[in-house]
Amino acid sequence: MTSERVTESTSTGTEASGEGYERGLGSRQVQMIAIGGAIGVGLFLGAGANIAKAGPSLILMYALAGVIIFFIMRALGELLLYRPVSGSFAEYSREFLGPFFGYFTGWTYWLMWVVTGMAELTAAAIYVHYWFPAVPQWVTALVFLVVLFVANLISVKLFGEIEFWFSMVKVTALIGMIVIGLGVLTFGFSAAGDTAAVSNLWQFDGFFPKGIGSSLMTLQGVMFAYLAVELVGVTAGESENPEKTLPKAINTLPWRIALFYVGALTVILAVVKWTEFAPGVSPFVEAFAVIGIPAGAGIVNFVVLTAALSSCNSGMYSTGRMLRTLADNGEAPRVFSRLSASKTPALGVTVSVAFMAIGVALNYVVPDKAFGYVTSVATAAGIWTWLMILISHVLYRRKVVAGRLPASSFPAPGGAVCSYIAIAFLLFVTCLIAYDAEARVCLYVMAGWTVALGIGWLLLKSRTREITEPRAREPEEVG
């Protein structure tokens, strides 16, 4: 990254337009990608295990984590409007913390989406198992992997359109669930009408039935549920009008979290007492089974299937773009920087999908544990990405105050204060992961990943030293 490149990096987004991508994502699609990113398999499937651990207090954990996620997204939003680029997190880490952090963040975000893709394939296979119990999980996972892979190779417009309709299904269904649940609570219809009551939120051993400590331990699973909200940053290089679409997408995050997470869980846990939910079963499918609406559980199962496929689709999109960003900076093989005739990083997507296929193997070897293994690794990689966004934001704010960089047109409220709060929260969640014997395995994986990337960095340094050295930037006085 040259000094001229930094100097012309304003909120106009001109740089992003020169990356070679097709600006094929309209406002309608970016909005739904942002909404869909906040509704994933972590809510639809992972919430079942967390309800069993925390009971109704899980609602509070989602609300607390949602506030932190908003802080992260506002920090990212300020950076995006300062310089909107595809592969944003890696670029900001590279600019504000140095080349190694850009390299490490880019590869770690790639890892996060690869293992998230594995988790989504596993979840999708579990959902199909609901209808076809005789079909092995690995077969279903493989079929979905191939179909989404082909769709991602065609064009970014097709990706955006698929993601739009996937998100539309999730949003419509969740609103429908909330309305039906409120109807059961208000009018008492259905098989659950006699037992549905707001008092279910505290009647069975209280709001914290397993204790506050047990509730806090669910934060690692809750944070996994929020992975992908930052995907809107990756779309910056292919958005038609990032200056308008990105702030709007980020500013709608609080109501999305309040409605789709806090609201939906509150209604579900009021309709069905928390003791009836179990790990490995979607609480939404279970709730509709209890309500007794004909075919309701099957419909909800279809919805949560689309949620899993949506997230996997997003994973294929983002991994290909991140590999291209790394290749453009000389931190991955140059061949990944090539675009296909349809202006998609086809080779990067192909290689990423090949690694996602490991998830198919996990579904063959350990189908019962596959989801838990990959979600813990994805959470650890996601926490690193969020930390880099926050630290980059803090350093950017310092340079703005010093008059060395132009101010963003979308400043985060509270300046860097909220970023410091979010950093402390993420470090706390990391400590919770280290304390949990089952989740702790992801830290071992990340330690191995760090060693592997460290070796790769040393090899890069020995071959092309200029890549691994900080690029000179002229101080920029901003009046």
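Residues numbered from 1 in each chain as written. Predicted model: local features only at pLDDT ≥ 70, side-chain atom pairs only at ≥ 80, totals over all residues. Heavy atoms only, no water.

*Asks:* Just to check I follow, could you spell out the overall build of the protein for this structure?
*Replies:* A tally of helices and strands in the protein yields 21 helices and zero strands. Put simply, the protein has 479 residues, and 59% of those count as buried. In the protein, the share of contacts with a sequence separation of at least 24, taken over all contacts with a separation of at least 6, comes to 81%. For the protein, the exposed area adds up to about 17,700 Å²; of that, 69% sits on carbon and sulfur atoms. (Helix = DSSP H or I, 4+ residues; strand = E, 2+ residues; numbered from the N terminus. Buried < 20%, exposed > 50% of the residue type's maximum accessible area, 1.4 Å probe, protein only. Contact = heavy atoms within 4.5 Å. Areas by Shrake-Rupley, 256 points an atom, 1.4 Å probe, with all protein chains shown as cover.)

*Asks:* Would you mind showing me how to read helix α8 (residues 99–131) here?
*Replies:* Residues separated by three or four positions in an α-helix point in the same direction, a consequence of the helix having 3.6 residues per turn. Taking 1.5 Å as the rise per residue, α8 with 33 residues should run 48 Å; its terminal C-alpha atoms sit 49 Å apart, in good agreement. Counting buried positions over the 33 residues of α8 gives 27, a clear majority of the element. (Expected span 1.5 Å × (residues − 1).)

*Asks:* I'm lost on helix α5 (residues 46–54) in this one. Help?
*Replies:* Taken as a whole, α5 has its buried residues at Gly46, Ala47, Gly48, Asn50, Ile51 and Ala54. Just past α5, the residue Gly55 takes up positive phi, approximately 65 degrees.

*Asks:* Sorry if this is basic, but what is going on with the packing of helix α10 (residues 156–187) against helix α16 (residues 283–291) here?
*Replies:* A packed helix pair is summarised by two numbers, namely the angle formed by the two axes and the spacing between the axes. The geometry of α10 relative to α16 is characterised by a closest axis approach of 12 Å and an angle of 40 degrees between their N-to-C directions. By the criterion of interaxial angle, the relationship of α10 to α16 is oblique. When you trace α10 past α16, the crossing you get is left-handed. Contacts between α10 and α16 pair Leu174, Met177, Ile180 and Val184 from the former with Phe284, Phe288 and Ile291 from the latter. (Axes fitted to C-alpha atoms, helices over the stretch in contact; angles between N-to-C directions. Parallel < 35°, antiparallel > 145°, perpendicular 65-115°, else oblique. Left-handed = near helix turned anticlockwise from the far one by under 90°.)

*Asks:* Quick question: what am I supposed to make of the pattern of salt bridges here?
*Replies:* When the charged atoms of two side chains lie near each other, side chains of opposite charge can form a pair. Tallied over the full model, the rule gives five salt bridges. With a closest N to O distance of 4.0 Å, Glu91 and Arg83 form a salt bridge. A single burial state applies to Glu91 and to Arg83, both of which are buried. The closest approach of N and O atoms between Arg94 and Glu91, which form a salt bridge, is 2.7 Å. Highlighted residues: Arg94 and Glu91, both in helix α7 (residues 88–96), separated by three residues, approximately one helical turn. Relative accessible area serves as the criterion here: at 3%, Arg94 is assigned to the buried category. Look at Glu91 and you get buried, because its relative accessible area is 2%. Beyond isolated ion pairs, a larger network of salt bridges with shared partners links Arg83, Glu91, Arg94, Glu95 and Glu331. (Salt bridge = Lys/Arg side-chain N within 4 Å of Asp/Glu carboxyl O.)

*Asks:* Can you walk me through a nonpolar patch on the surface in this structure?
*Replies:* Together, Tyr130, Trp131, Phe132, Val135 and Phe302 make up an exposed nonpolar region whose accessible area comes to about 490 Å². Structurally, Trp131 can be placed in helix α8. (Patch = residues over 30% accessible without salt bridge, like charges linked within 9 Å, V, L, I, M, F, W, Y side chains within 5 Å.)

*Asks:* Which parts of the structure should I look at to understand the side chain of Thr108?
*Replies:* With respect to the helices, strands and loops of the structure, Thr108 is situated in helix α8. If sequence neighbours within four positions are ignored, Thr108 has contacts with Ala381, Trp384, Met446, Trp449 and Leu453.

*Asks:* Where do I start with the packing of aromatic side chains in this structure?
*Replies:* Aromatic rings in a pair are described by how distant their centres are and how their planes are angled relative to each other. Under the counting rule described, the total for this entry stands at 20 aromatic pairs. Ring centres of Phe96 and Tyr396 lie 5.9 Å apart, and the angle between their planes is 70 degrees; this geometry places the pair in the edge-to-face category. With Phe96 in helix α7 and Tyr396 in helix α19 (residues 370–401), this pair connects stretches of sequence that are 300 residues apart. Grouping residues by exposure puts Phe96 and Tyr396 together as buried. Seen in terms of ring centroids, Phe100 and Phe101 are 5.9 Å apart; in terms of plane orientation they differ by 80 degrees. Their pairing is edge-to-face. By relative accessible area, Phe100 is classed as partly exposed at 28%. (Phe/Tyr/Trp six-rings, centres within 6.5 Å; stacked < 30°, edge-to-face > 60°.)

*Asks:* What am I meant to see in the packing of helix α9 (residues 137–154) against helix α17 (residues 296–328) here?
*Replies:* Viewed as axis vectors pointing N to C, α9 and α17 meet at an angle of 50 degrees, and their least axial separation amounts to 10 Å. On the basis of the axis angle, α9 is oblique to α17. Crossing of α9 over α17 shows right-handed handedness. Contacts from Phe144, Leu145, Leu148, Phe149 and Asn152 in α9 reach Leu305, Leu309, Cys312, Asn313, Met316 and Tyr317 in α17. Of the residues belonging to the contact of α9 with α17, the class tally is nine nonpolar, two polar and no charged. (Nonpolar A, V, L, I, M, F, W, Y, C, P; charged D, E, K, R; others polar.)

*Asks:* So what exactly am I meant to see when it comes to unusual backbone geometry here?
*Replies:* With glycine set apart, most residues show a phi of negative sign, and most peptide bonds adopt trans. With a phi angle near 70 degrees, Asp205 is a residue other than glycine that sits in the positive phi range. You can see Asp205 is positioned in the loop between α10 and α11 (212–217). Given a relative accessible area of 64%, Asp205 falls into the exposed group.

*Asks:* Teacher, can you tell me more about the environment of Cys312 here?
*Replies:* With respect to the helices and strands, Cys312 occurs in helix α17. For Cys312, a relative accessible area of 1% gives the class buried. With residues up to four places along the chain from it excluded, the contact list for Cys312 reads Gly117, Glu120, Leu121 and Leu148.

*Asks:* Would you mind going over the nonpolar core with me for this structure?
*Replies:* Taken as a class, soluble globular proteins show a tendency for nonpolar side chains to be buried jointly. Judged by nonpolar contacts, the single largest core of 147 residues is most densely connected at Phe44 and Ile69. If one sorts the elements of this core by residue count, α8 sits on top with 18 residues. Once residues within four sequence positions are removed from consideration, Ile69 is found in contact with Met223, Tyr226, Val229, Leu253, Ile257 and Trp386. (Core = buried A, V, L, I, M, F, W, Y, C linked by side-chain atoms within 4.5 Å.)

*Asks:* Just checking my understanding: could you explain the environment of Ala119 for this structure?
*Replies:* Following the sequence through the fold, Ala119 ends up in helix α8. Remark: the alpha-carbon pair of Ala119 and Cys312, spanning 193 residues in sequence, is separated by 8.4 Å.

*Asks:* When you look at the confidence of the model for the protein in this model, what are you seeing that I'm missing?
*Replies:* Close inspection of predicted coordinates is inappropriate for parts of the model with low pLDDT. Within the protein, residue pLDDT values average 81, and 84% of them lie at 70 or more. The spread of mean pLDDT over the elements of the protein runs between helix α1 (residues 3–7), the lowest at 36, and helix α20 (residues 417–435), the highest at 95. Across residues 1–18, where pLDDT falls below 50, the model places 44 contacts with residues more than four positions away in sequence or in other chains. Note that pLDDT drops below 50 for residues 472–479; the model gives that stretch 19 contacts with residues more than four away or on any other chain. (pLDDT = per-residue confidence, 0-100.)

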